[in-house]
Amino acid sequence: MTLAERARRVIPGGVNSGQRSIPGLTDLVITRTQGSRFWDSTGREFTDYHAAFGPPLLGHNDPDVAAAVAAARASLSLTGVAVTEGEVLLAEQLAELVPSIEKVLLTSTGSEATFHALRLARAVTGRRLVVKFQGCYHGWHDAVSLNVISAPDRIGRPDPTSTGILPEVLDATLVLRFNDVEAVRRAFADHGDDIAAVILEPVPHNVGALLPTDDFLRTLREECTRAGSVLVFDEVITGFRHALGGYQEVAGIVPDLTTLGKAIANGAPVGALGGRADLMEHFSSRPGGPVFFAGTYNGHPDVVAAASATVRKLREEPVHEHVFRLGDRVRRELDALYRRLDVPVVVTGFGSVFVTYFMPGPAPRSYDDLLANDASRFVGYRRRLVEQGVFELPLNLKRSHLSYAHTDADVDRLLEATERAVGAMLA
Ligand code: PLP
């Protein structure tokens, strides 16, 4: 029996997270990672553009991060009392770097960070409703487990991503269209007094890349301020990846709370929730704080060491310059290639994140625009890349990522593989 078959006997679906079991790749067993690559149990090598859904911005097994973690491990393990020097230094860096963060707490995952953000918003406002946007993903917990990738007939009404969620929990989340200023204004006009929080991915990368309009982000800021609602930027993907200060630094809009995860520790299990001090002071980490906050592994020394080493490298080396240059090159040259082959696509993204939608332009601005994307071409193209050792996750609407470890030679390989893949699709 193969390892993958043994996995399916003892692990539901044979994998430990949704969307890891990929049709056509259910026998894949990963054995090694390094830099921009991973290898499977048959010895096949892949250039990795999936990048674990985004964490390894520096590349897999970054030597500086690995050395920092090893050094921390040699001298410190979890005690579960008080604080460590590393936690203080990391919190100071996050407060310095991210415009909205005055105080910050660490979690072990992004889902925990968004969970606590919404609980805090409800606690401080005494209100019930949360606003989210169709196409955005904020983790696995109930309040946000709806309307990520919806079938056309489920857009505009609650579309849970799981069974087992109480209908009243779903009813307390209003789902709006991304970039729809009028819908935001209407929601606040109708329900403003009861909106505790608005949560969004400032760039919804869980459906590839929908870039926000300035007007949209500004309207959210204005309406939340006017209504006394808490604006939460979920920067679990965009934090550190798009800028050390997150996309809020790029956009020049400061939310009340920010959630971070993924790239801030280059792959170590991390999340963070930061924001206005007057809000963060409600957490029970402050004695008497009424909003319960806890986690055995929060601020784990390994993770803190990984995050601190990641920050250091991002500040000291031209990481963003490198990944932004490669990202621009990928988008520009893929676009030129498809034009030459006369295949209508939209190649879009931001910085190190890119995606090719198989649809005519202009670039999509909301989830419903993405209904024009040809899902079978999207997945078929990626399957043909994977066959050639270039790994873009072959699932509809997934984005791809570049890291500091990716090179121009890697990009050459992606472009060559694309030309062959598209040639085969057109044949
Ligand atoms: N928020 C966003 C934007 C995400 O993309 C994710 C995960 O993909 C999460 C939150 C949840 O993070 P985690 O998977 O670490 O719980």
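- An unreviewed UniProt entry annotates the protein chain as Aspartate aminotransferase family protein originating from Streptomyces hintoniae.
- Taken verbatim from the UniProt record of the protein chain, the Sequence similarities (unreviewed entry) comment is "Belongs to the class-III pyridoxal-phosphate-dependent aminotransferase family."
- Taken verbatim from the UniProt record of the protein chain, the Cofactor (unreviewed entry) comment is "pyridoxal 5'-phosphate".

## What about the sheet that holds strand β1 (residues 30-34)?
- Spatially, β1-β2-β3-β13 is the arrangement adopted by the four strands of the open sheet, whose pairing is mixed. Every other strand in the sheet has two partners, leaving β1 and β13 (390-391) as the edge strands with one partner each.
- Pairing analysis gives four bridges linking β1 to strand β2 (residues 37-40), with the strands arranged antiparallel. In the sheet register, T33 faces β2, and the bridge partner there is F38.

## Structural notes on the nonpolar core
- In terms of nonpolar packing, the biggest core is built from 116 residues, with V198, V232 and A272 touching the most fellow members.
- The element best represented in this core is helix α10 (residues 301-316), accounting for eight residues.
- Looking at which domains feed residues into this core, each of domain 1 (3-61 + 318-426) and domain 2 (76-316) supplies at least three.
- In this structure V232 touches A117, A121, A197, V198, I199, P255, D256, L257 and T259, once residues within four positions along its chain are discounted.

## With respect to the domain arrangement of the protein chain
- Segmentation of the protein chain into domains returns domain 1 (3-61 + 318-426) and domain 2 (76-316).
- Here domain 1 and domain 2 have C-alpha centroids that lie 26 Å from each other.
- Each side of the interface is counted separately: domain 1 has 26 residues, and domain 2 has 28 residues.
- Broken down by secondary-structure element, the contributors of at least two residues to the side of domain 1 that touches domain 2 are α11 (319-341), β11 (346-350) and β12 (353-357).
- Considering only residue class, the side of domain 1 that touches domain 2 consists of 16 nonpolar, seven polar and three charged.

## Regarding the site of the ligand
- As a matter of local geometry, the ligand sits amid 15 residues, with T109, G110, S111, G139 and V236 nearest to it.
- With three residues, the single largest contributor to the shell around the ligand is helix α4 (residues 110-125).
- Partitioning the shell around the ligand into residue classes produces four nonpolar, nine polar and two charged.

## Here's the deal with the sheet that holds strand β9 (residues 257-261)
- Reading across from one edge, β4-β10-β9-β8-β7-β5-β6 is the order of the seven strands in this open sheet, with mixed pairing throughout. Of all strands in the sheet, those with a lone pairing partner are β4 (103-107) and β6 (173-176), marking the two edges. Strand after strand, the sheet turns through a mean of 20° between neighbouring axes, direction not considered.
- As defined by bridge partners, β4 adjoins strand β10 (residues 271-275) across five bridges and the pair is classed as antiparallel. Bridge pairing in β10 links L106 to A272.
- In the packing of helix α7 (residues 214-227) onto the sheet, the strands contacted are β7 (195-200) and β8 (230-234), and the crossing angle to β8 comes to about 145°.

Conventions we followed
- Residues numbered from 1 in each chain as written.
- Predicted model: local features only at pLDDT ≥ 70, side-chain atom pairs only at ≥ 80, totals over all residues.
- UniProt positions renumbered as here; feature names shortened; annotations may be inferred.
- Pairing = 2+ DSSP bridges.
- Helix = DSSP H or I, 4+ residues; strand = E, 2+ residues; numbered from the N terminus.
- Core = buried A, V, L, I, M, F, W, Y, C linked by C-beta atoms within 7 Å.
- Buried ≥ 20, exposed ≤ 12 C-beta atoms within 10 Å, placed from the backbone.
- Domains from an automatic or database assignment.
- Contact = placed C-beta atoms within 7 Å.
- Nonpolar A, V, L, I, M, F, W, Y, C, P; charged D, E, K, R; others polar.
- Near = placed C-beta within 6 Å.
- Axes fitted to C-alpha atoms, helices over the stretch in contact; angles between N-to-C directions.

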